[in-house]
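What the coordinates show
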Amino acid sequence: MRTPRLLLTAATALALAACSGGGAVEGTPGGSGVRDPYFPKAGNGGYDIGHYDLTLDYDPETDADAGHLTGTAVITARATEDLSAFNLDLKGLDVATVEVEGRGARFNRAGQELTVRPAQELHDGETFRVTVRYSGEPQTVTDPDDSEEGWLPTADGAVGLGEPTGSMAWFPGSHHPSDKATYDLAMTVPEGLGVVSNGELRDERTRDGRTTFTWHTAEPMASHVVTVAVGEWETARSTTADGLTVYTAVDPAQADASRKVLKRIPEIMDWGQENFGPYPFSSTGAIVDRDEDAGYALETQNRPYFPGAPDTVLLVHELAHQWYGNSVSPKTWRDMWLNEGFATYAEWLWEEDHGGDSAQETFDALYDGTYYDDEDANASVWAFPPADPPDAAHISDSPVYQRGAMVLHKIRETVGDDAFRELLSGWAAAHRHGNADTGDFTAFVEKSAPDEDFTEIWTDWLRGDGRPDSP
């Protein structure tokens, strides 16, 4: 049940802090965030989540604009310190009950923080299970850059998109990329609608006019690339020449426009493995919704999400993220350029390998200010260093993408083509299914090419203000 806010005497506070078996709880509350430089309340301290088991029921046809969602989240985690309490991130929605290890736990809400006080303290190293039952109208979250994420109603259902913190709008957890986990997700919807999520479709069953879809993701996944898309879909399942599963789900209104480009997924995957190393996941594919259903594409794990049919270059970008951003995830949101700079440079390499501009020509056009037709867009490339966005509203701005890619091109110029390709695949292998920051990357590059001097690249291109004097 909810704990009302009370003015507690010292004696009452001590009693409430005591475990159910008697005696004072010796642990301390876990942190209410991991102190990310741009989203300090994202994630939580004191534990590490290993697995989410989400059971969801969604009805889009209600009086509420976003429909009605009922959920049970069973979270398996390991304490990293002695805990008297811990937090989960959950925005909106009504929490009915919370249990820890099968016993009712007290809880309270404050903004996005769901604070849980287990009946008995949790010990450092202990694995524990939390069950949260909740319901309500899931929210659409407006980012600092005014884009929308969280739970987005669509023409025939809804889609959950999480970058950077929107997944907390539809399930509780530790919503920061530094805490990755595996997932099982089962969602029930009215018969006739489909549910597409990450990983592998394990089951589809219809009973009493409602259909349940069960998905399993075996590889670690950051919550911001978790998705669930509800709607009417034309689905296709195939395999690449080396046996990788390709699963696509397309809104019927986008089927004709998407067919040709989606057929190139096996080709793109082969090219990606040649350049970036072994593919890190068990399946690939795409989700294509209607143009008006979201304002952007997103690299949701296993199968990126697109509002409308993508072109080939955009498909390459989002599939490259499966290596850079999804498998190798950022330690903090300051490291966003390690996602977007790599995926943007993947576009340059694809164009270079398929009859388009060379990476050098693209680099030169950006440096000269002739890449975009708009002068302000060309100037925006130099607005700030890619490794240091000024605030949360700018982590997806042009310097993170284009100037981030230019840093990679400068490294390529320094080490040569062959060593650079080895560096790309080596970086993906070194941090496969893990997290890395800018310091990890610069150290990796210097270790990979110990005879080269990267001082100018780090000082002028990665961390310097404005356009460097020489290209």
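Our subject is the structure that appears above.
Rules of the game
- Residues numbered from 1 in each chain as written.
- Predicted model: local features only at pLDDT ≥ 70, side-chain atom pairs only at ≥ 80, totals over all residues.
- Heavy atoms only, no water.
- Helix = DSSP H or I, 4+ residues; strand = E, 2+ residues; numbered from the N terminus.
- Buried < 20%, exposed > 50% of the residue type's maximum accessible area, 1.4 Å probe, protein only.
- Contact = heavy atoms within 4.5 Å.
- Areas by Shrake-Rupley, 256 points an atom, 1.4 Å probe, with all protein chains shown as cover.
- Lys, Arg positive; Asp, Glu negative; His and termini not counted.
- Charge placed at Lys NZ, Arg CZ, Asp CG, Glu CD.
- Pairing = 2+ DSSP bridges.
- Axes fitted to C-alpha atoms, helices over the stretch in contact; angles between N-to-C directions.
- Parallel < 35°, antiparallel > 145°, perpendicular 65-115°, else oblique.
- Left-handed = near helix turned anticlockwise from the far one by under 90°.
- Core = buried A, V, L, I, M, F, W, Y, C linked by side-chain atoms within 4.5 Å.
- Polar contact = N/O pair within 3.5 Å; in protein donor to acceptor, adjacent residues only side chain to side chain.
- Salt bridge = Lys/Arg side-chain N within 4 Å of Asp/Glu carboxyl O.
- Patch = residues over 30% accessible without salt bridge, like charges linked within 9 Å, V, L, I, M, F, W, Y side chains within 5 Å.

1. Quick look at the overall build of the chain
When helices and strands are tallied, the chain shows eleven helices and 23 strands. The dimensions of the chain, computed from C-alpha atoms along their principal axes, are 70 × 50 × 40 Å. Going through the 471 residues of the chain one by one, you find that 55% of them count as buried. Once local pairs closer than 6 in sequence are excluded, the contacts in the chain between residues at least 24 apart make up 68%. Accessible area for the chain stands at about 19,000 Å²; split by element, carbon and sulfur atoms hold 46% of it. Computing the positive centroid from 34 side-chain charges and the negative centroid from 81, the chain places the two 8 Å apart.

2. Concerning the environment of Val 313
Following the sequence through the fold, Val 313 ends up in helix H4 (residues 312–320). With 37 residues separating them along the chain, Val 313 and Trp 350 place their C-alpha atoms 7.7 Å apart. Non-local contacts of Val 313, meaning those with residues more than four positions away in its chain, are made with Glu 347 and Glu 351.

3. Here's the deal with the sheet that holds strand S10 (residues 140–142)
Pairing within the open sheet is antiparallel, and its five strands lie in the order S10-S11-S12-S17-S14. Each edge of the open sheet carries a strand with a single partner, namely S10 and strand S14 (194–197). For this sheet, the mean angle separating the axes of adjacent strands, direction not counted, is 20 degrees. Pairing geometry for strand S11 (residues 148–154) and strand S12 (residues 157–161), over five bridges, is antiparallel. Bridge pairing in S12 links Pro 153 to Ala 158.

4. A word on the sheet that holds strand S18 (residues 234–239)
Strand order in the open sheet formed by four strands is S18-S19-S20-S21, with mixed pairing between adjacent strands. Edge positions in the sheet fall to S18 and strand S21 (305–307), since each has one partner strand and no second. Averaged over all pairs of adjacent strands, the angle between strand axes in this sheet comes to 15 degrees, irrespective of strand direction. Bridge count for strand S19 (residues 245–250) against strand S20 (residues 283–289) is six bridges, and the pairing is parallel. Bridged to Ala 249 within S20 is Ile 287. Docked against the sheet, helix H2 (residues 255–262) engages S18, S19 and S20, running at close to 160 degrees with respect to S19.

5. Topic: the packing of helix H9 (residues 417–430) against helix H10 (residues 438–448)
Axis separation between H9 and H10 bottoms out at 11 Å; the angle between their running directions is 130 degrees. When the axis of H9 is compared with that of H10, the two are oblique. Considering how the two elements wind past one another, H9 and H10 form a crossing that is right-handed. Contacts from Leu 423, Gly 426, Trp 427 and Ala 430 of H9 reach H10 at Asp 440, Phe 441, Phe 444, Val 445 and Ser 448.

6. Concerning the nonpolar core
If you look at the biggest cluster of nonpolar residues, it comprises 69 residues, and the most contacted ones within it are Phe 276, Trp 337, Met 406, Ile 411, Trp 427, Phe 441 and Trp 458. Ranked by the residues each element gives to this core, the list is headed by helix H5 (residues 337–353), at eight residues. Apart from the residues lying within four places of it in its own chain, the contact partners of Trp 458 are Val 407, Ile 411, Phe 441, Thr 442, Val 445, Glu 446 and Arg 463. Formed by 61 residues, the second largest nonpolar core is a distinct cluster that contains Phe 86, Leu 88, Trp 215 and Met 221.

7. Focus: the environment of Ser 223
Mapped onto the elements of the fold, Ser 223 is located in the loop between strand S16 (210–221) and strand S17 (228–231). Sequence-wise, Ser 223 and Phe 171 are 52 residues apart; in three dimensions their C-alpha atoms are separated by 9.7 Å. Leaving out residues up to four positions away in the same chain, Ser 223 has contacts with Ser 167, Phe 171, Ser 174, His 175, His 176 and Tyr 183. Within polar-contact distance, the side chain of Ser 223 engages the side chain of His 175 at 2.9 Å.

8. A word on the pattern of salt bridges
One pass over the full model with this rule turns up twelve salt bridges. Arg 412 is the partner of Asp 417 in a salt bridge, and the nearest nitrogen-oxygen pair spans 2.9 Å. Classification of Asp 417 by relative accessible area gives partly exposed; the value is 43%. Residue Arg 412 is classed as buried on the basis of its relative accessible area of 9%. Through salt bridges with shared partners, a single network forms among Glu 352, Arg 412 and Asp 417.

9. What to know about a negative patch on the surface
Negative charge collects at one region of the surface, where Glu 446, Asp 451, Glu 452, Asp 453, Glu 456, Asp 460 and Asp 469 lie side by side. If you trace the backbone, Glu 452 turns up in the loop between H10 and helix H11 (455–462).

10. Focus: the packing of helix H8 (residues 398–415) against H11
Packing of H8 against H11 brings their axes to within 10 Å, and their N-to-C directions diverge by 165 degrees. As far as their axial angle goes, H11 and H8 are roughly antiparallel. Along this stretch, H8 crosses H11, giving a crossing that reads as right-handed. Between H8 and H11, the contacting residues are Arg 403, Met 406, Val 407, Lys 410, Ile 411 and Thr 414 on the first element and Ile 457, Trp 458, Asp 460, Trp 461 and Leu 462 on the second.

11. Details of the pairing of strand S5 (residues 94–100)
Relative to strand S9 (residues 127–136), S5 runs antiparallel, the two sharing six bridges. Looking across to S9, one finds that Val 100 is bridged to Val 130. Sheet analysis places S5 next to strand S6 (residues 103–104), joined by two bridges and oriented antiparallel. Each residue of the ladder has a partner; that of Val 100, found in S6, is Arg 103. With antiparallel pairing between neighbouring strands as the criterion, S5 and S6 make up a hairpin whose turn holds two residues, including Glu 101 at a positive phi of roughly 55 degrees.

Spatial relationships are all this shows, so hold off on functional conclusions.
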